[in-house]
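Given next are the chains, with one letter for each unit.
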Amino acid sequence: MDAGQSRNLKNNRRFHLRSSVFLCGLIPVLLGLSGCRSDMQDQPKYIPLRPSSFFSDGRSERPLIAGTVARGHLDDDTLLETGKGPDGKFSDEFPFPVTRDRVLRGQDRYNIYCTPCHDRNGDGLGMVVRRGFRHPPSYHIDRLRQVPNGYIFDVITNGFGAMPTYSSQLLPADRWAIVSYIRALQMSQMGSINDVPADARTQLGLTGAPQERKQ
Amino acid sequence: MRPAAAGSNLVAMAQIFHYSSNTFARMTIYGAVFFIAFAGWAGYAYINSHYVTRQNQPREQPIPFSHAHHVGGEGFDCRYCHTSVENSSFAGLPATQICMNCHSQIWRTSPELEPVRASYQTGQSIRWTRVHDLPDYVYFNHSIHVAKGVGCETCHGRIDKMPLTWQNADLQMEWCLNCHRNPERYVRPREAITTMGYVPDGDQAEIGRRLVQEYHIQDARLLTSCSTCHR
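These numbers were taken from a predicted model, which means no experiment stands behind them.

A. Structural context of the overall build of chain B. What chain B contains, in helices and strands, is twelve helices and zero strands. Going residue by residue from the N terminus, the α and β elements of chain B occur as α-α-α-α-α-α-α-α-α-α-α-α. Relative to its full complement of 231 residues, chain B shows a buried share of 32%. When contacts within chain B are restricted to residue pairs at least 6 apart in sequence, long-range pairs at least 24 apart make up 67% of them. With the model as given, the accessible surface of chain B reaches about 14900 Å², and the carbon-plus-sulfur share is 60%.

Written out as structure tokens, the structure reads:
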């Protein structure tokens, strides 16, 4: 083996060595590139509920200072916000006209937020009550049929007895919509066939003949 | 590199490589094609694997909260706890107060719920482990999806059957586009937004087309425009 061959051999080996080093190097580079995505993936910004090490409570959101009023939320409509009239007593008025849409909205919200305890028909035997929560009174007792609308609104807003406040889960307009639906529920339990329009009676599988009102 | 012709007077040069090296060299060259293709496929399979997308992997949480129990068993509507889903980009994680609505009386000595009570007493947040973590360069808004008839179940799966919560979809861009290209295949009436195990009342193609019109869902060209999701 002369010098030329030996050099060729070396070159050959060097070539192989280089290409394998290149290939071996390429893989970590590719993996490294995939690491770049994490910068864009987790940007140094706050999204809702992302923790922060800056504040001692570990939250990035700051709690509102008491008495903060958001723009457009001055809440100066006493009836809408508290259910009370100008005399400071619970009002029987609604802060807006009760329309079919409002009642349906109330039904929708009622079924989400109230049924766990009060059940779909308002008898207070919801699933959570069956699991051991204190039994709320049925809506269909005399006392609750007589209370003013503002009273029901106040109970939703501030809670009553074992019932907690629902003001964080329901805006005032939705609470009022629920009040209207509760009124509809109460009527439904006290209704008789005479309350059903004649043309709708067949839908109930009943004949159009009026019956005695049952209590 | 052929060996010197037989009968030549010249002394053949010593062979550096065995003759079979030729075959080996060719195999390596053509093999590279397969190797690169395989590497590409393996890379694609890796980024779509459940290991990377975290799909179908229940996550450890400070409290073993069960959606199966609360939704499937007790029949809670999603919005009882996720209150901001209809009017905010973020569905909302319930404040500890909402847990305490019931757990002030139910399971109130349970050791599993100790972190809830501690949080309620001290005002310190419960540190849940995030299950669905979209990249920060993706703009996502819950409220618009809910308003346009995309049910919770469509993305989150049968949450009412998850004892611990996991991510149902892979959340890859392809998955998003799948619906943004053909919303009519997935939308449902707003009344059934939180329904689990929803079955369309008739032909989905027909209902979907009607809802797309009724809810004014934008056409696929706009829905798949880059800036719809990357803004």
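Read on, since the account is not over.
B. Inspection of helix H10 (residues 204-214) of chain B at higher detail. Residue and element names in this part refer to chain B. Those residues of H10 that sit buried are Gln 204, Ile 207, Gly 208, Leu 211 and Val 212. Projected down its long axis, H10 carries its buried residues within an arc of 135 degrees, all on one side. Away from its buried face by more than 90 degrees, H10 exposes Glu 206, Arg 209 and Gln 213. A positive backbone phi angle near 55 degrees is found at His 216, which sits one or two residues after H10.

C. Structural context of the interface of chain A and chain B. Across the boundary between the two partners, chain A contributes 31 residues, which contact 29 residues of chain B. A buried area of about 2800 Å², summed over both sides, lies between chain A and chain B, and 52% of it is on carbon and sulfur atoms. Our enumeration of links across chain A and chain B arrives at three salt bridges. Among the ionic pairs, Glu 74 of chain B bridges to Arg 131 of chain A, the shortest N-O distance being 2.6 Å. Linking chain A to chain B there are 13 residue pairs in polar contact (both at pLDDT 80 or more). Those elements that place two or more of their residues in the side of chain A that touches chain B are helix H1 (3-41), helix H3 (100-113) and helix H5 (127-130) of chain A. Here the side of chain A that touches chain B gets five residues from one element, more than from any other, and that element is H1 of chain A.

D. Here's a closer look at the nonpolar core. Counting residues in hydrophobic clusters, the biggest one holds 31 residues, and the most contacted among them are Tyr 110, Tyr 113, Val 128, Ile 152, Ile 156 and Ile 178 of chain A together with Tyr 80 of chain B. Every element with two or more residues in this core is listed here: H3, H5, helix H7 (149-158) and helix H8 (172-190) of chain A together with helix H5 (96-103) of chain B. When residues in this core are grouped by element, the largest group, six residues, is from H8 of chain A. What Tyr 113 of chain A contacts, discounting residues up to four positions off in sequence, is Tyr 166, Gln 169 and Leu 170 of chain A together with Arg 79, Tyr 80 and Thr 83 of chain B.

E. A look at the packing of aromatic side chains. The final tally for this structure, using the stated rule, is 13 aromatic pairs over all chains. Consider the rings of Phe 153 of chain A and Trp 176 of chain A, whose centres lie 4.6 Å apart with planes at 15 degrees: the pair is stacked. One end of the pair, Phe 153 of chain A, is in helix H7; the other, Trp 176 of chain A, is in helix H8, and 23 residues separate them in sequence. What makes Phe 153 of chain A buried here is its relative accessible area of 0%. On the accessibility criterion, Trp 176 of chain A (0% relative accessible area) is buried. Between Tyr 46 of chain B and Tyr 51 of chain B, the ring centres sit 6.3 Å apart and the planes meet at 45 degrees, which makes this aromatic pair tilted.

F. A look at helix H6 (residues 114-122) of chain B. Residue and element names in this part refer to chain B. If you check which residues of H6 are buried, you get Val 116, Arg 117 and Ser 119. Seen end-on, H6 carries its buried residues on one side only, within an arc spanning 160 degrees. Among the exposed residues of H6, those pointing more than 90 degrees away from its buried face are Gln 121 and Thr 122. Looking at the packing, one finds that the buried side of H6 touches H5. Phi turns positive one or two residues past the end of H6, at Gly 123, with a value near 80 degrees.

G. Geometry of a nonpolar patch on the surface. All names here are of chain B. Taken together, the side chains of Tyr 44, Tyr 46, Ile 47 and Tyr 51 present a nonpolar region at the surface, about 500 Å² in accessible area. You can see Ile 47 is positioned in helix H1 (residues 21-47). Ile 47 gets classed as partly exposed once you look at its relative accessible area, which sits at 43%.

H. Quick peek at the environment of Cys 81 of chain B. Residues and elements named next belong to chain B. Mapped onto the secondary structure, Cys 81 falls in helix H4 (residues 78-81). With relative accessibility at 23%, the residue Cys 81 sits in the partly exposed group. Along the primary structure Cys 81 and Leu 93 are separated by twelve residues, whereas in three dimensions their C-alpha atoms are 6.9 Å apart.

I. Spatial organisation of the pattern of salt bridges. The full count for this structure, using the stated rule, is 16 salt bridges over all chains. A salt bridge links Arg 117 of chain B to Glu 114 of chain B, with the shortest nitrogen-to-oxygen separation between them at 3.0 Å. Taken together, the residues span about one helical turn, with Arg 117 of chain B and Glu 114 of chain B both in helix H6 at a distance of three residues. Connected via shared salt-bridge partners are Asp 108 and Arg 109 of chain A together with Asp 77, Arg 79 and Glu 86 of chain B.

Thresholds applied
Sequence order sets the numbering: in each chain, residues are counted from 1 along the sequence as written. Labels are handed out in written order, letters beginning with A for the chains and numbers beginning with 1 for the ligands. Where local features are concerned, this predicted model is filtered to residues with pLDDT of at least 70; where side-chain atom pairs are given and counted, the filter is 80 or more; whole-chain, interface and lining totals use all residues. Remark: hydrogens and water are excluded; side-chain values derive from all non-hydrogen atoms of the structure. Here a helix means four or more residues in a row that DSSP labels H or I, a strand means two or more in a row labelled E, and each is numbered from the N terminus. Think of it in three bands: with a 1.4 Å probe and only protein chains considered, a residue is buried below 20% of the maximum accessible area for its type, exposed above 50%, and partly exposed in between. Contacts are assigned to residue pairs with any non-hydrogen atoms lying within 4.5 Å of each other. Accessibility throughout is a Shrake-Rupley quantity obtained with a 1.4 Å probe, and a residue counts as covered only by protein chains that appear here. By definition, the arc is the one covered by directions from the helix axis to the C-beta atoms. In short, buried area is how much 1.4 Å probe accessible area vanishes from two parts on joining, totalled over both. What counts as a salt bridge is simple: a side-chain nitrogen of Lys or Arg found within 4 Å of a carboxyl oxygen of Asp or Glu. In protein, a polar contact requires one atom able to donate a hydrogen and another able to accept it; more generally it is a pair of N or O atoms within 3.5 Å, and residues adjacent in sequence count only if both atoms are side-chain atoms. Among buried residues, the Ala, Val, Leu, Ile, Met, Phe, Trp, Tyr and Cys ones that are joined through side-chain atoms within 4.5 Å form a nonpolar core. Pairing of aromatic side chains requires ring centres within 6.5 Å, counting the rings of Phe and Tyr and the six-membered ring of Trp. Pairs whose planes differ by under 30 degrees are stacked, by over 60 edge-to-face, and all others tilted. Within the patch definition used here, like charges are joined within 9 Å and nonpolar side chains (Val, Leu, Ile, Met, Phe, Trp, Tyr) within 5 Å, considering only residues with over 30% relative accessible area and no salt bridge.

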